[in-house]
Protein chains: 4
Amino acid sequence: MKFLKTVWLGLPLAIAAFSASATELNNKDTFWPDDAQLVISISMQFEATAQDKQDPGPFPAQEAGFPDTIAPSWYQYGMNEGIPRLLNLWDKHNIKVTSHMVGRAVELNPELAKEVVRRGHEASGHGQTWTPQYSMTPEEERASYIKSADIIEKVTGQRPVGFNAFWMRHSPNTLAILKELGFIYHIDDLSRDEPSYTPVGDSSIVVVPYTFRNNDIVRYTGSTAMTGKAYLQELKDEFDVLYKEGTKRRRMMSISAHDRLAGSPARVKALDDFIAYAKQHKAVKFMRKDDIAKWVLKKNNVPINAPRNFNN
Amino acid sequence: MKFLKTVWLGLPLAIAAFSASATELNNKDTFWPDDAQLVISISMQFEATAQDKQDPGPFPAQEAGFPDTIAPSWYQYGMNEGIPRLLNLWDKHNIKVTSHMVGRAVELNPELAKEVVRRGHEASGHGQTWTPQYSMTPEEERASYIKSADIIEKVTGQRPVGFNAFWMRHSPNTLAILKELGFIYHIDDLSRDEPSYTPVGDSSIVVVPYTFRNNDIVRYTGSTAMTGKAYLQELKDEFDVLYKEGTKRRRMMSISAHDRLAGSPARVKALDDFIAYAKQHKAVKFMRKDDIAKWVLKKNNVPINAPRNFNN
Amino acid sequence: MKFLKTVWLGLPLAIAAFSASATELNNKDTFWPDDAQLVISISMQFEATAQDKQDPGPFPAQEAGFPDTIAPSWYQYGMNEGIPRLLNLWDKHNIKVTSHMVGRAVELNPELAKEVVRRGHEASGHGQTWTPQYSMTPEEERASYIKSADIIEKVTGQRPVGFNAFWMRHSPNTLAILKELGFIYHIDDLSRDEPSYTPVGDSSIVVVPYTFRNNDIVRYTGSTAMTGKAYLQELKDEFDVLYKEGTKRRRMMSISAHDRLAGSPARVKALDDFIAYAKQHKAVKFMRKDDIAKWVLKKNNVPINAPRNFNN
Amino acid sequence: MKFLKTVWLGLPLAIAAFSASATELNNKDTFWPDDAQLVISISMQFEATAQDKQDPGPFPAQEAGFPDTIAPSWYQYGMNEGIPRLLNLWDKHNIKVTSHMVGRAVELNPELAKEVVRRGHEASGHGQTWTPQYSMTPEEERASYIKSADIIEKVTGQRPVGFNAFWMRHSPNTLAILKELGFIYHIDDLSRDEPSYTPVGDSSIVVVPYTFRNNDIVRYTGSTAMTGKAYLQELKDEFDVLYKEGTKRRRMMSISAHDRLAGSPARVKALDDFIAYAKQHKAVKFMRKDDIAKWVLKKNNVPINAPRNFNN
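Keep in mind the model is a prediction, meaning the values are calculated, not measured.

(A) Region of the structure containing helix α10 (residues 265–279) of chain A. All names here are of chain A. Taking 1.5 Å of rise per residue, 15 residues should cover 21 Å, and α10 covers 21 Å from first to last C-alpha, within 8% of that figure. Within α10, 12 of the 15 residues are buried, leaving the element largely enclosed by the surrounding structure. Within α10, burial applies to P265, A266, R267, V268, K269, A270, L271, D272, F274, I275, Y277 and A278.

So, in structure tokens, the structure goes:
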């Protein structure tokens, strides 16, 4: 496997530093399977009901020491309405997505988790609970990843090979532990609109990038939530640009859908309309992240990121 | 009364766990009265002027120890302009809504409260004051519910059978006290787009669900308030999805209108336009929440939620 | 002068409590001068450059003890560009507005203040500095109102008869002092879409109401500022509703324009387009607030608000 | 060089104080090179990867003492995708911009910095690090400006003559030091829609004004980020007004584009569409800020701002 530090500056690219990627630009047929011009990958978080008991959701915090009755019902919506509605949407368009499953949420909603996989979607790792990973000890991390992978496999029949951390934050050990456990990709890097590698010791792990832009947890937050129609417009605009760039290099569009957020009616309509819009274009391919990672592992023109720096 | 834990995954539904609801999907004619395809229920909060004296409304907090003169006038708008304008809107479209009345606001505005009921709307419970219920003692809660029901009945001639808590938060005793006092439903559960049951000891109480999405207090907040037009679009988009789902199962759309918020001109226009839009569709029915609760109590295909957990 | 506590509930209004206002509804020709169906009154704040030195404007606060160089330049825009651009806009449409002038800002920008009045606009009171009035002693308040009125009169030739407090907040003495000094109206009450009276001891003072909705300082705040186009839509929607209501009772629309906010190009365009839109409708009248107050003082169908309560 | 304190009030301008600028209004041909009616100047910040290690970017802050892995990847996007995509956009429209380069970011991304200048854009100063300048000692400031200018010159071959401070805030010594070092302009004044002068001791320095309105760091902030389409509309609306004003006086429109913000696909599309819109109008000129400063220095009708006041 050969790593290139790719910098892309379009044409004209006269200077030496860009010659490697310039070469790549003439090698379009290797960007994606089926000569796709753009790959879109949707993440569907399966995590509600596993949230911390103190989590106030979008509500003002209440006085400590009293159990909250409304936030749990708001999260429960993700399992009652959100995931089922989203599953029907993916079926309508015949696309497969990646479901980032919190182990505890799978335990609490086993039939629904099983149904996600039965319909052809990827069960991917998302921790055992909503506890941040960055401050865990290595032992805690390893135990958490093993336990959640075991639960997901037991319930759905599929062992996860991908990972998404709580708020995307890793400890210095996260990636080494994931590699040791057989994971082949993570999504917790926002630096590119295409897959890449994160160095891990002498080796590396695939990044199938996540998004902070096309992300319902960012754009649909509480009283500042944008409309579904506005979100739809953003998705279309991003699509237009990446799709055009896709004739010259490997481009990927990432979209995030959290059970209780993207799963409400107006927001499902936005996704429905976007998918229909994207499919009107030729050579657009929706892919699960495990399939993307496997494709990427066979290519030798994938950028590698600088090693992470955990020193002060 | 037979309770089903309904999970809805559309077609195809091959696995056993979903057979009960799958059966239900063939039983459309029992979803709603008059074969309605979608029921819309509007909540009109009648609560301004009863707010806490320290409540700053949408204004920056002021130095303690000085009475505020502007927030009270902002709240007063709800009674001077908001409720009257909304009442005229409901009349224009010949629809009946549920008014969640704070007891103290009824005491302070008796003629207006009486007019709400005179025009055919439901007087429902919303506490005696704006004090949160979740931290009350059982005695305080019981006294508050009795007092506010007495006042509402005395002023409007109608005794409330429904309840909405301050910020939707209950104490462990709320529902048992409500049942004891003859209330038949509450709205403080956001987990479904249809009515359901909350278990209360060995019994249960109907949930006619409220909304945090189609809610003016969420979407029209201070300097981040969305436009009326944007809110209208959200309502239309939600309607489109629920209306379509309504051919296969019981679906309900909830909308919230607070006196001083939804009652301003541009926002009344948004509601006006939305109601007109909804009424262009066949088999759409606007219902008061007490009528919904009574209908639901006669049906045996209503989902029951998991018991609430008040342990740590 | 006869005061009516007007409550408006449209038709049908059968019950006795509403008979007074119901009578009023048949008396349309007295609502406004020239048989206007709707009066629009624009407030133009003339206050930048007088802000507190510590005022960070829309910027993140900086470390204490260092003078700030950017916020002053941002405020200065109001005098360099905002007021001149707004003045040209009013001229273009041949409308007169009310300018709420902070005394200190008049001292610092005398030529521009004079020009405002020279073009036919009202010089109204807005305090001597940006110090909140609600926590002043009566002596401080009186001195402040006299000083700022003297300055405004000296510079512009016009002595103010109206008042707007900092963030609309009054002390228990504000209105009595204003009356004593000959002011005839204030704008610091948001409870109605029409003029009314605030009781002051045994007398009263006219309210020409301000707005928190059509207010650039609310809708154009920092990073959550709405677009000019969205603001325009809100204004149009509010106009549509009040204009229609204006056939049955006295209705007034208030719009606020702060020098450094509403005076930027895209926002001036929004106001330009709105005024053009309003003027396409017959019987729409733009009025200064002093003219409104004088009209109102001659009418006997003006609602009076409940006395303010300054007790704890 | 003759300084005029220009106040602009359009026509009619009868009073003496405005005669100087009134004269100017008849002297249109001197406003801009090539008889341009409006000049647009775009700032492209080149600063990501030099941010402070503790900088959380748009993410919720994490527990202290643990390195963050996600914010650095989010910033890295600016260099991987943002700058390259923006560079291609400028090329597509054949316009030259000003790139405000943080010295440390140039050190970390030398090939990309060199490419910016190779394509004809201006390398301008933006500090050596992200440390605020306003609280630096004079020695720290001087050392910082020299070091960053040296680095930029060494890497790109161009020595900066312009300056943009961190959050636009200067110390009392900033401008004198810049002048001493040969800088000819700064952008840290928001008070006008045209160039002006800031007095520095007995001399002055050109202001090529920056923007807080057409600024991606303001309008695209975290969960309240507006859509690209809405931003596009704001730009068009501002353009329309300034373009029209440009027939009567010197007008300039400023737009800001930060690597990791404006460089994402939907936002590049907004800029692309805006530039295309602007270019449909005759006599619109895109200029680098150094070229603007040099033009201004040859004119004698440039307003001078009041001296800054650093006393308490």
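(B) Spatial organisation of the interface of chain C and chain D. Taken together, the 41 residues of chain C in the interface contact 48 residues of chain D. Overall, the association of chain C and chain D removes approximately 3,700 Å² of surface from exposure, summing both partners, and the carbon and sulfur fraction of that is 55%. In this assembly, chain C and chain D are joined by eight salt bridges. Between E81(C) and R251(D) there is a salt bridge, with its nearest N and O atoms 2.7 Å apart. The interface formed by chain C and chain D includes 18 residue pairs in polar contact (both at pLDDT 80 or more). Among the secondary structure elements, those contributing two or more residues to the side of chain C that touches chain D are α2 (70–93), α4 (110–118), α8 (228–245) and α10 (265–279) of chain C. When residues of the side of chain C that touches chain D are assigned to their parent elements, the largest contribution, 13 residues, is made by α2(C). For the side of chain C that touches chain D, the per-class residue count stands at 16 nonpolar, 12 polar and 13 charged.

(C) Region of interest: the side chain of T198(A). Residue and element names in this part refer to chain A. Looking at where T198 falls in the secondary structure, it is placed in strand β6 (residues 196–200). Side chain to side chain, T198 and H186 meet in a polar contact 2.9 Å long. Not counting chain neighbours up to four residues away, the residues in contact with T198 comprise L175, H186, S204, I205, V207, N305 and R308.

(D) Representation of the relation of the copies chain C and chain D within the structure. At an RMSD of 0.0 Å, chain C and chain D line up after a rotation of 90 degrees and a shift of 0.0 Å along the axis. Here the copies are linked by what is in effect a four-fold axis. For chain C, the residue whose C-alpha comes nearest the rotation axis is T224(C), separated from it by 4.3 Å. Counting the interface residues of chain C, we find that no more than 5% of their copies in chain D are interface residues as well, pointing to two distinct contact surfaces.

(E) Fine view of the arrangement of the chains. At no point do chain A and chain C touch; the closest pair of C-alpha atoms across them sits 9 Å apart. For the non-touching pair chain B and chain D, the nearest C-alpha separation works out to 9 Å.

(F) Inspection of the interface of chain D and chain A at higher detail. Each partner contributes residues to the interface: chain D has 41 residues there, and chain A has 48 residues. Taking both sides of the interface into account, the surface hidden between chain D and chain A amounts to around 3,700 Å²; carbon and sulfur atoms contribute 55%. At the boundary of chain D with chain A, the tally comes to eight salt bridges. Here D240(A) makes a salt bridge to K269(D), at a shortest N to O gap of 2.5 Å. Linking chain D with chain A are 18 residue pairs in polar contact (both at pLDDT 80 or more). If you list the elements that add at least two residues to the side of chain D that touches chain A, you get α2 (70–93), α4 (110–118), α8 (228–245) and α10 (265–279) of chain D. Element by element, the count of residues in the side of chain D that touches chain A is highest for α2(D), at 13 residues. The residue inventory of the side of chain D that touches chain A, partitioned by class, reads 16 nonpolar, 12 polar and 13 charged.

(G) Broad picture of the relation of the copies chain D and chain A. Laying chain D over chain A is done by rotating through 90 degrees and shifting 0.0 Å along the axis; what remains is an RMSD of 0.0 Å. Of the residues that chain D buries at the interface, just 5% are likewise interface residues in chain A, meaning the two copies contact each other through different surfaces.

(H) Main features of the pattern of salt bridges. The final tally for this structure, using the stated rule, is 109 salt bridges over all chains. Taken together, the shared-partner salt bridges in this structure form one network comprising E81(A), R85(A), D193(B), E194(B), R213(B), E238(B), E245(B), R249(B) and R251(B).

(I) Just the packing of helix α8 (residues 228–245) of chain A against α10(D), in detail. Contact pair α8(A) / α10(D): the axes reach a minimum separation of 7 Å and the direction vectors enclose 85 degrees. The orientation of α8(A) with respect to α10(D), classified from their angle, is roughly perpendicular. Seen from α8(A), the contacting residues are E234(A), D237(A), E238(A), D240(A), V241(A) and L242(A); seen from α10(D), they are P265(D), A266(D) and K269(D). Classifying every residue of the contact of α8(A) with α10(D) gives four nonpolar, no polar and five charged.

(J) The arrangement of the pairing of strand β8 (residues 203–207) of chain C in detail. All names here are of chain C. Counting buried positions along β8 yields four of five residues, so the element is predominantly enclosed. Note: strand β6 (residues 185–186) against β8, two bridges, orientation parallel. Bridge pairing in β8 places H186 opposite V207. Relative to β8, strand β7 (residues 196–200) runs antiparallel, the two being bridged by five bridges. Bridge pairing links T198 to I205 in β8.

(K) Up close: the side chain of N305(A). By the secondary structure assignment, N305(A) is in the segment after α11 (289–297). Taking relative accessible area as the criterion, N305(A) reaches 9% and is therefore assigned buried. A distance of 2.9 Å separates the side chain of N305(A) from the side chain of R192(A), its partner in a polar contact. Contact partners of N305(A), with chain neighbours within four places excluded, come to D189(A), S191(A), R192(A), S196(A), Y197(A), T198(A), P199(A), V207(A) and N80(D).

(L) Geometry of the environment of D193(C). Following the sequence through the fold, D193(C) ends up in the loop between β6 and β7. For the pair D193(C) and P132(C), spaced 61 residues apart in sequence, the C-alpha separation works out to 25 Å. A polar side-chain atom of D193(C) sits 2.9 Å from a polar atom in the side chain of R85(B).

(M) Broad picture of the packing of aromatic side chains. One pass over the structure, following the stated rule, counts 52 aromatic pairs over all chains. An aromatic cluster of three or more residues is present, and its members are F59(A), W74(A), Y75(A), W130(A), F166(A), W167(B) and F212(B). Sitting over the face of the ring of W32(A), R250(A) holds its NZ or CZ atom 5.7 Å from the ring centroid. Positioned above the aromatic ring of Y220(D) is the side chain of R267(D), whose terminal nitrogen or guanidinium carbon lies 4.0 Å from the ring centre.

Each value, and the rule that gives it
- Along each chain, residue indices are assigned from 1 in the same order as the chain's sequence is written.
- Chains carry letters from A onward and ligands carry numbers from 1 onward, assigned in written order.
- In view of the model being predicted, local features appear only for residues whose pLDDT reaches at least 70, and side-chain atom pairs are presented and counted only at 80 or more, with totals across whole chains, interfaces and linings using the full set of residues.
- To obtain the side-chain values, all non-hydrogen atoms of the structure were used and water was disregarded.
- Numbering goes from the N terminus for both helices and strands, where a helix is a DSSP run of H or I of at least four residues and a strand is a run of E of at least two.
- To estimate how far a helix should extend, the number of its residues minus one is multiplied by 1.5 Å.
- Burial classes follow relative accessibility: with a 1.4 Å probe on protein chains only, a residue under 20% of its type's maximum area counts as buried, one over 50% as exposed, and anything between as partly exposed.
- In this analysis, two residues are considered to be in contact whenever any of their non-hydrogen atoms come within 4.5 Å of each other.
- Here the quantity called buried area is the accessible surface, traced with a 1.4 Å probe, that two parts lose on coming together, added over both.
- Think of a salt bridge as a Lys or Arg side-chain nitrogen and an Asp or Glu carboxyl oxygen that are within 4 Å of each other.
- Whenever two N or O atoms come within 3.5 Å, that pair is a polar contact, provided that in protein one can donate a hydrogen and the other can accept it, and provided that, for residues adjacent in sequence, both atoms are side-chain atoms.
- By the convention adopted, Pro, Cys, Tyr, Trp, Phe, Met, Ile, Leu, Val and Ala count as nonpolar, Lys, Arg, Asp and Glu as charged, and the other residues, Gly among them, as polar.
- Here the copies are matched by least squares. The fit uses the C-alpha atoms of residues with pLDDT of at least 70 in both.
- Note on method: axes are straight lines fitted to C-alpha atoms, helices fitted across the in-contact stretch only, with angles between N-to-C directions ranging 0 to 180 degrees.
- Put simply, angles under 35 degrees are roughly parallel, angles over 145 are roughly antiparallel, angles from 65 to 115 are roughly perpendicular, and the rest are oblique.
- Here the rule is simple: two strands pair whenever DSSP picks up at least two bridges between them.
- Here a Phe, Tyr or Trp ring, Trp counted by its six-membered ring, pairs with any other such ring whose centre lies within 6.5 Å, and the pair is stacked when the planes are under 30 degrees apart, edge-to-face when over 60, and tilted otherwise.
- We call a charge positioned over a ring when the NZ of a Lys or the CZ of an Arg lies within 6 Å of the ring centre and within 35 degrees of the ring normal.

Note that every value here comes from positions in space, so none of it alone points to a role or purpose.
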